[in-house]
Structure formats: structure tokens, C-alpha cells
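The primary structure of each chain is shown beneath.
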Amino acid sequence: GVTCVPEVNHITLDLAKKPFLFAASDGVWEFIPSEWVIKTIVKKLGEDPPQKIMQKICKESRRKWRQEEGDYCDDITGVM
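What counts, and at which threshold
Residues numbered from 1 in each chain as written. Predicted model: local features only at pLDDT ≥ 70, side-chain atom pairs only at ≥ 80, totals over all residues. Heavy atoms only, no water. Core = buried A, V, L, I, M, F, W, Y, C linked by side-chain atoms within 4.5 Å. Buried < 20%, exposed > 50% of the residue type's maximum accessible area, 1.4 Å probe, protein only. Helix = DSSP H or I, 4+ residues; strand = E, 2+ residues; numbered from the N terminus. Contact = heavy atoms within 4.5 Å. Axes fitted to C-alpha atoms, helices over the stretch in contact; angles between N-to-C directions. Parallel < 35°, antiparallel > 145°, perpendicular 65-115°, else oblique. Left-handed = near helix turned anticlockwise from the far one by under 90°. Nonpolar A, V, L, I, M, F, W, Y, C, P; charged D, E, K, R; others polar. Patch = residues over 30% accessible without salt bridge, like charges linked within 9 Å, V, L, I, M, F, W, Y side chains within 5 Å. Areas by Shrake-Rupley, 256 points an atom, 1.4 Å probe, with all protein chains shown as cover. Salt bridge = Lys/Arg side-chain N within 4 Å of Asp/Glu carboxyl O. Disulfide = S-S within 2.5 Å.

*Asks:* So what exactly am I meant to see when it comes to the nonpolar core here?
*Replies:* The nonpolar side chains of a soluble globular protein tend to be buried, and buried together. Counting 11 residues, the largest nonpolar core consists of Phe22, Val28, Ile32, Val37, Ile41, Ile53, Met54, Ile57, Cys58, Trp65 and Ile76. For this core, the secondary-structure elements that each account for two or more residues are helix H2 (34–44) and helix H3 (50–69). Per element, the largest residue contribution to this core is 5 residues, and it comes from H3. When sequence neighbours within four positions are dropped, the list of residues in contact with Ile32 reads Val37, Ile57, Glu60, Ser61 and Lys64.

*Asks:* Is there a simple way to think about the packing of H2 against H3 in this case?
*Replies:* Contact pair H2 / H3: the axes reach a minimum separation of 10 Å and the direction vectors enclose 150 degrees. The pairing of H2 with H3 is recorded here as roughly antiparallel in orientation. Handedness of the H2/H3 crossing: right-handed. From H2, Trp36, Val37, Thr40, Ile41 and Lys44 reach across to H3, where they touch Ile53, Lys56, Ile57 and Glu60. Looking at side-chain class alone, the contact of H2 with H3 contains 5 nonpolar, 1 polar and 3 charged residues.

*Asks:* Looking at this structure, I do not really get the side chain of Thr40. What am I missing?
*Replies:* Among the structural elements, Thr40 can be located in helix H2. The contacts of Thr40, once residues within four sequence positions are left out, are Lys56 and Ile57.

*Asks:* What's the story with a nonpolar patch on the surface in this structure? I'm lost.
*Replies:* A contiguous nonpolar patch, built from Phe20, Ile38, Val42 and Met80 and spanning about 330 Å² of accessible area, is present on the exposed surface. Along the polypeptide, Met80 turns up in the segment after strand E2 (78–79).

*Asks:* Looking at this structure, how should I read the pattern of salt bridges?
*Replies:* One side chain can pair with another of opposite charge once the charged atoms of both are near each other. Applying the stated rule across the entire model yields 2 salt bridges. The partner of Glu47 in a salt bridge is Lys44, and the shortest N-O contact between them spans 3.9 Å. Under the relative-accessibility criterion, Glu47 is labelled exposed at 55%. With its nearest N and O atoms 2.9 Å apart, the salt bridge here joins Glu60 to Arg63. On the criterion of helical spacing, the pair formed by Glu60 and Arg63 is a turn pair, its members being 3 residues apart in helix H3. Since its relative accessible area comes to 17%, Glu60 is described here as buried. The exposure class assigned to Arg63 is partly exposed, which follows from its relative accessible area of 39%.

*Asks:* Honestly, the state of the cysteines in this entry has me stumped. Any pointers?
*Replies:* Structurally, a disulfide amounts to a covalent bond that connects the sulfur atoms of two cysteines. Applying the stated criterion across every chain yields a total of 0 disulfides. With no disulfide of its own, Cys73 lies 9.8 Å from the sulfur of Cys58, the closest cysteine sulfur.

Here it is, written out as C-alpha cells:
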């Protein structure tokens, strides 16, 4: 359920491993598996800026929505 008490975790990141954070609305995840998104980010992270990677993910998400639902498409929003 929903609670007003936050869950807080602290982690140490190894910046040499190029960590990233990706958050997206449910419209992105409806037809695209998280494994595909992670592989896409990891593959493109050293080559392309985050904006271009996000465009690729959103474009693929829209393509999948058209394929599955026709003209209807849920919101597709993400940040990296």
C-alpha cells in the first residue's frame, strides 16, 4: 500500500562503471521489457547523449503501442 513514511537506502556508486538512473511512466513499460531498456542504455551510454537514448526508448515505446493498440497510446515519459 501507500504510506507517508519514506524508505531510504544509501549506496556507494563506482563511477568507473558508469551508473545511471532511469525512471519512466507506465506507458513506457506496457510493451517494452525492462531488460530491453537496460541493454539499450548500456549499449548507447558511451556513444550517445542521454537525450538521444531517451528518444530511442520513447520511439520504440510508441511503435509498440501502435502495433498493439492502434491509435490509442498511454503517456510515454522518461528521465535519465
